[in-house]
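Fold and contact review
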Amino acid sequence: MANPAHVSRVRSLYKRLLMLHRFMPIELRALGDQYVKDEFRRHKTASGHEVATFMVEWEKYRDTLQAQVLQCPGDEVKRGQFGTDLAEEKLKHFQDEQIGQLHELMLESTKPSRQFDVQSDRPQN
């Protein structure tokens, strides 16, 4: 059985990340929420060392995102810049699968989002 304190820490981090995503533009929020959910699900059965690294990196992400949200006043948050550049040194420690996931995430986050376009209800002439 998992340590209750660890489970509580993981759950708290998970909820905080999803809450911080509410401040992002809708298309980034949807992408971020899905990525967080997938990654936390994927690491449920990870080894102790992997879990430690996982938690440290997601806590860094939380801290970065929280600082960025707090720096933008009110309505400007939705138009703010989110995230940070990934140091090349960190890429050396990634597995091939992680590099693939990162590439897919980059492609998804930079493509134009048409699924959220709003159409006019006015009849076309």
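Look up a bit, the structure's there.
The rules behind the values
- Residues numbered from 1 in each chain as written.
- Predicted model: local features only at pLDDT ≥ 70, side-chain atom pairs only at ≥ 80, totals over all residues.
- Heavy atoms only, no water.
- Patch = residues over 30% accessible without salt bridge, like charges linked within 9 Å, V, L, I, M, F, W, Y side chains within 5 Å.
- Areas by Shrake-Rupley, 256 points an atom, 1.4 Å probe, with all protein chains shown as cover.
- Salt bridge = Lys/Arg side-chain N within 4 Å of Asp/Glu carboxyl O.
- Helix = DSSP H or I, 4+ residues; strand = E, 2+ residues; numbered from the N terminus.
- Phe/Tyr/Trp six-rings, centres within 6.5 Å; stacked < 30°, edge-to-face > 60°.
- Buried < 20%, exposed > 50% of the residue type's maximum accessible area, 1.4 Å probe, protein only.
- Axes fitted to C-alpha atoms, helices over the stretch in contact; angles between N-to-C directions.
- Parallel < 35°, antiparallel > 145°, perpendicular 65-115°, else oblique.
- Left-handed = near helix turned anticlockwise from the far one by under 90°.
- Contact = heavy atoms within 4.5 Å.

Moving on, we come to a nonpolar patch on the surface. A surface patch of nonpolar side chains, amounting to about 210 Å² of accessible area, comprises Leu 86, Leu 91 and Ile 99. Tracing the sequence through the fold places Ile 99 in helix H5 (residues 96–110).

With that settled, the discussion passes to the packing of aromatic side chains. Under the counting rule described, the total for this entry stands at 6 aromatic pairs. Relative to Trp 58, the ring of Tyr 35 has its centre 6.1 Å away and its plane inclined at 40 degrees; by these criteria the two rings are tilted. With Tyr 35 in helix H2 (residues 26–42) and Trp 58 in helix H3 (residues 48–71), this pair connects stretches of sequence that are 23 residues apart. A relative accessible area of 25% means that Tyr 35 is categorised as partly exposed. For Trp 58, a relative accessible area of 10% gives the class buried. Look at Phe 40 and Phe 54: their rings are 4.9 Å apart centre to centre, the planes differ by 75 degrees, and that puts the pair in the edge-to-face class. One end of the pair, Phe 40, is in helix H2; the other, Phe 54, is in helix H3, with 14 residues separating them in the sequence. Since its relative accessible area comes to 10%, Phe 40 is described here as buried. What makes Phe 54 buried here is its relative accessible area of 9%. A network of ring pairs unites the aromatic residues Tyr 14, Tyr 35, Phe 40, Phe 54, Trp 58 and Tyr 61 as a single cluster.

Let us look at the packing of helix H1 (residues 4–21) against H2. H2 packs onto H1 with a crossing angle of 165 degrees between their chain directions and a minimal axis gap of 9 Å. Here H1 is positioned roughly antiparallel relative to H2, judged by the angle of their axes. In the crossing of H1 with H2, the sense of the turn from one axis to the other is right-handed. Two secondary-structure elements touch here, H1 through Val 10, Leu 13, Tyr 14, Leu 17, Leu 18 and His 21 and H2 through Arg 29, Gly 32, Asp 33, Val 36, Lys 37 and Phe 40.

Take the pattern of salt bridges next. Per the stated rule, a full pass over the model turns up 8 salt bridges. Note that Arg 9 is salt-bridged to Glu 59, the shortest N-O span being 2.8 Å. Within this pair, whereas Arg 9 is found in helix H1, its partner Glu 59 is found in helix H3, the two being separated by 50 residues in sequence. For Arg 9, a relative accessible area of 40% puts it in the partly exposed group. Arg 62 is the partner of Asp 63 in a salt bridge, and the nearest nitrogen-oxygen pair spans 3.0 Å. In this structure Asp 63 comes out as partly exposed when scored by relative accessible area, which is 44%. According to the relative accessible area criterion, Arg 62 is partly exposed, its value standing at 22%. Look at the salt bridges and you will find they share partners, linking Glu 57, Lys 60 and Lys 90 into a network.

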